[in-house]
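# Structural overview for review
Below, each chain spelled out in residue letters.
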Amino acid sequence: MKSLPLDGFVFQEIKTQSITAEQIEEMKNLAGNYESLFSRRAKKYKSMGLKFQDLQEIDYKQLILSDYTFLKRPVIIINNDIYMGNDKKNITLVRERLVEV
């Protein structure tokens with residue numbers, strides 16, 4: 001993340017400023033569903049036994065809104081494209097996209 005040229009972006013620290021229902025809805029519309037926004041790496045995912053539950057879209061939405069750790073981070077929105085997570089492939093895509101913009 002630190003290597004990306006993110007000047008001019010709006011940053012939201014979701015630990016202190018929770019995401020809103022409107023923001024999660026916008027992200028869902030760009031991503032296609034709530035499940036793709038959901039992080040299975042969150043410690044609570046395992047501790048709550050969510051791995052063994054049949055989660056539906058509404059469950060993913062409610063979990064993300066209830067605890068910021070369930071949101072796959074970072075989320076970067078460039079125009080109408082959304083990039084989620086910090087794996088190398090995703091960061092490379094963001095870097096390439098920023099060159100275009």
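Residues numbered from 1 in each chain as written. Predicted model: local features only at pLDDT ≥ 70, side-chain atom pairs only at ≥ 80, totals over all residues. Heavy atoms only, no water.

## Regarding the pattern of salt bridges
Here is the rule we go by: Here, a salt bridge means any side-chain nitrogen of Lys or Arg that lies within 4 Å of a carboxyl oxygen of Asp or Glu. Each helix is a run of DSSP H or I of at least 4 residues and each strand a run of E of at least 2, with the numbering of both proceeding from the N terminus. Residue burial is assigned from relative accessible area. The probe radius is 1.4 Å, only protein chains are included, and a residue is buried under 20% of its type maximum, exposed over 50%, and partly exposed in between.
Taken as a whole, this structure holds six salt bridges when the rule is applied. Residue E25 pairs with K61 through a salt bridge whose shortest N-O separation is 3.8 Å. Here E25 is found in helix α1 (residues 21-31), whereas its partner K61 is found in helix α3 (residues 57-66), with 36 residues between them in sequence. E35 is the salt-bridge partner of R40, the closest N and O atoms lying 2.9 Å from each other. Looking at E35, the relative accessible area reads 35%, which means it is partly exposed. A single salt-bridge network, built from bridges that share partners, covers E25, K28 and K61.

## Points about the packing of aromatic side chains
Put simply, the test is: Paired rings are identified among Phe, Tyr and Trp, the last through its six-membered ring, by centres lying within 6.5 Å, and are further divided according to the angle between planes into stacked (under 30 degrees), edge-to-face (over 60) and tilted (the rest).
Counted under the stated rule, the structure contains three aromatic pairs. Ring centres 5.2 Å apart and planes at 10 degrees place the aromatic pair F38 and F70 in the stacked group. Placement of F38 in the loop between α1 and α2 (43-47) and of F70 in the loop between α3 and β1 (75-78) is noted, with a sequence separation of 32 residues between them. An identical accessibility class is assigned to F38 and F70; each is buried. Ring-pair connections join several aromatic residues into one group, and the members of that group are F38, Y45, Y60 and F70.

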